[in-house]
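Notes for the structure review
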Amino acid sequence: LDFLHMSCSSRLGIPMIHLKLKDVAQALLGKKSLHSGTIITVRLKVGSTTAEVKEYNFILNSWHEFRKDGTFGYEIDGYYKAPIYWNSSSFKTFTGTSTEAIKEIASACQIPKFIGDACNDSQSWAFDNTPWHEAARKISERGHLSELSCMQLGFDLDGVLLYKDV
């Protein structure tokens with residue numbers, strides 16, 4: 001493994017992964033192991049004195065092969081494994097606050113945990129064939145707690161959808 005970058009922010013719709021690895025044994029070469037939708041599992045040991053291991057699952061988005069000094073390798077990009085949220089579309093109308101609407105989206109997309117600040121911006125939110133993550137983003141851009149609020153939507157590496165006043 002040359003490098004591994006896992007990132008999430010309020011600017012990304014979903015956590016992303018970027019990694020580069022050398023395939024010295026050519027285990028992936030020619031086996032068509034790398035195709036769109038392949039699950040990438042990353043297991044990381046937490047701390048130096050604990051046996052706890054955290055597991056993160058991503059879905060392969062794109063990759064390219066390289067050859068350097070006779071060794072094959074791959075540079076891989078992927079997104080957090082939340083396929084309904086990222087790939088499916090909404091034909092739903094929500095009535096309620098922005099927090100309630102995003103919580104409903106999280107539930108419909110089988111996102112295990114949602115944490116959101118309670119808003120008082122009740123209205124109808126309508127989306128026609130809009131990807132779930134875009135619907136959530138559009139709601140968050142219009143949501144508010146007060147005149148001074150700045151609501152942000154984020155998805156962390158632990159699979160939590162966050163909607164907070166920053």
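Calculation rules
- As a convention, each chain's residues are numbered from 1 in the sequence order in which they are written.
- Where totals are concerned, whole chains, interfaces and linings use all residues; where local detail is concerned, this predicted model gives features only for residues with pLDDT of at least 70, and gives and counts side-chain atom pairs only at 80 or more.
- Water and hydrogen atoms play no part in the side-chain values, which are based on all heavy atoms of the structure.
- The pairing criterion is simple: DSSP has to find at least two bridges between the two strands.
- Helix and strand assignments follow DSSP, with helices taken as H or I runs no shorter than four residues and strands as E runs no shorter than two, numbered in order from the N terminus.
- Only the stretch in contact is used when fitting a helix axis, every axis being a line fitted to C-alpha atoms; angles between N-to-C directions are given from 0 to 180 degrees.
- Contact criterion: two residues are considered in contact whenever any of their non-hydrogen atoms come within 4.5 Å of each other.
- Only protein atoms enter the calculation, which uses a 1 Å grid: trapped sets of points that fit a 1.4 Å probe without letting it out are cavities, open sets showing protein on both sides within 12 Å along at least five of seven lines are pockets, and any residue with an atom within 4 Å of a point is a lining residue.
- Grid points are joined across faces, edges and corners, and a volume is the space filled by probe spheres set on the points.
- Three classes are used: nonpolar for Ala, Val, Leu, Ile, Met, Phe, Trp, Tyr, Cys and Pro, charged for Asp, Glu, Lys and Arg, and polar for all others, with Gly counted as polar.
- Note on classification: 1.4 Å probe, protein chains only; a residue is buried when its accessible area is under 20% of the maximum for its type, exposed when over 50%, partly exposed between these limits.
- It is the directions from the helix axis to the C-beta atoms whose arc is reported.
- Salt bridges are defined by distance alone: a side-chain nitrogen of Lys or Arg within 4 Å of a carboxyl oxygen of Asp or Glu.
- In summary, the pairing rule links any two rings of Phe, Tyr or Trp, Trp by its six-membered ring, whose centres are within 6.5 Å, and it sorts them by plane angle into stacked for under 30 degrees, edge-to-face for over 60 and tilted for everything else.
- By definition here, charges over rings are those cases where NZ of Lys or CZ of Arg is within 6 Å of the ring centre and within 35 degrees of the ring normal.
- Patch rule: a residue counts if its relative accessible area is over 30% and it has no salt bridge; like charges are joined within 9 Å, and nonpolar side chains (Val, Leu, Ile, Met, Phe, Trp, Tyr) within 5 Å.
- A 1.4 Å probe and the Shrake-Rupley method give the accessible areas. Residues count as covered only by the protein chains that appear here.
- You can read pLDDT as the predictor saying how much it trusts each residue, on a scale of 0 to 100.

Moving on to the sheet that holds strand β11 (residues 151–155). Spatially, the 3 strands line up as an open sheet ordered β8-β12-β11, and their pairing is mixed. The open sheet terminates on both sides in strands that have one partner only, identified here as β8 (113–116) and β11. Ignoring strand direction, the axes of neighbouring strands in this sheet form an average angle of 10 degrees. Pairing geometry for β11 and strand β12 (residues 160–165), over 5 bridges, is antiparallel. Each bridged residue has a counterpart across the sheet, and for Gly-154 the counterpart in β12 is Leu-162. Contacts from helix α3 (residues 132–142) reach β11 and β12, with the element oriented near 155 degrees to β11.

All right, on to the layout of surface pockets then. As a volume, the largest pocket reaches approximately 230 Å³. Lining the largest pocket we find 14 residues, and of these Leu-19, Leu-21, Ile-40, Thr-41 and Ile-76 sit closest to its centre. Of all the secondary structure elements, the ones that give two or more residues to the lining of the largest pocket are β2 (16–23) and β3 (39–45). Top contributing element to the lining of the largest pocket by residue count: β3, with 4 residues. Residues that form the lining of the largest pocket fall into these classes: 11 nonpolar, 3 polar and no charged.

This part covers helix α2 (residues 98–108). If you check which residues of α2 are buried, you get Ser-98, Thr-99, Ala-101, Ile-102, Ile-105 and Ala-106. Across the axial projection of α2, the buried residues extend over an arc of 165 degrees, all falling on one side. Opposite the buried face of α2, at more than 90 degrees from it, the exposed residues are Lys-103 and Ser-107. Of the residues one or two after α2, Gln-110 is the one with positive phi, at around 60 degrees.

So, about the pattern of salt bridges. What the rule picks out here adds up to 6 salt bridges. One salt bridge in this structure joins Asp-117 and Lys-164, with 3.0 Å as the shortest N-O distance. Here the residue Asp-117 occupies a position in the loop between β8 and β9 (123–126), and Lys-164 occupies one in strand β12, the gap between them amounting to 47 residues. Looking at Lys-164, the relative accessible area reads 32%, which means it is partly exposed.

On to the packing of aromatic side chains. Counting across every chain of the model gives 6 aromatic pairs. Ring geometry for Phe-58 and Tyr-80: centres 6.0 Å apart, planes at 85 degrees, overall edge-to-face. Of this pair, Phe-58 sits in strand β4 (residues 53–68) while Tyr-80 sits in strand β5 (residues 71–80); the two residues are 22 residues apart in sequence, bridging distant segments of the chain. Classification of Phe-58 by relative accessible area gives buried; the value is 0%. Pairwise contacts between aromatic rings join Phe-58, Tyr-80, Tyr-85 and Phe-155 into one cluster. Directly above the aromatic system of Phe-66 lies the positively charged group of Lys-20, at a separation of 4.8 Å from the ring centroid.

Turning next to a nonpolar patch on the surface. Nonpolar side chains collect at one region of the surface, where Leu-1, Leu-4 and Leu-44 lie side by side and expose about 270 Å² of accessible area between them. In this fold, Leu-4 is placed in strand β1 (residues 3–7).

Across the chain, pLDDT averages 89, with 98% of residues at or above 70. No element of the chain has a lower mean pLDDT than strand β6 (residues 89–90), which averages 86, and none a higher one than β8, which averages 96.

In space, the 5 strands of this open sheet follow the order β1-β2-β5-β4-β3, with antiparallel pairing throughout. At either margin of the open sheet sits one strand with a lone partner, and together these are β1 and β3. Averaged over neighbouring strand pairs, the angle between their axes works out to 35 degrees when direction is ignored. Of the pairings in the sheet, the one linking β4 to β5 comprises 10 bridges and is antiparallel in character. If you follow Ile-59 over to β5, its bridge partner there is Tyr-79.

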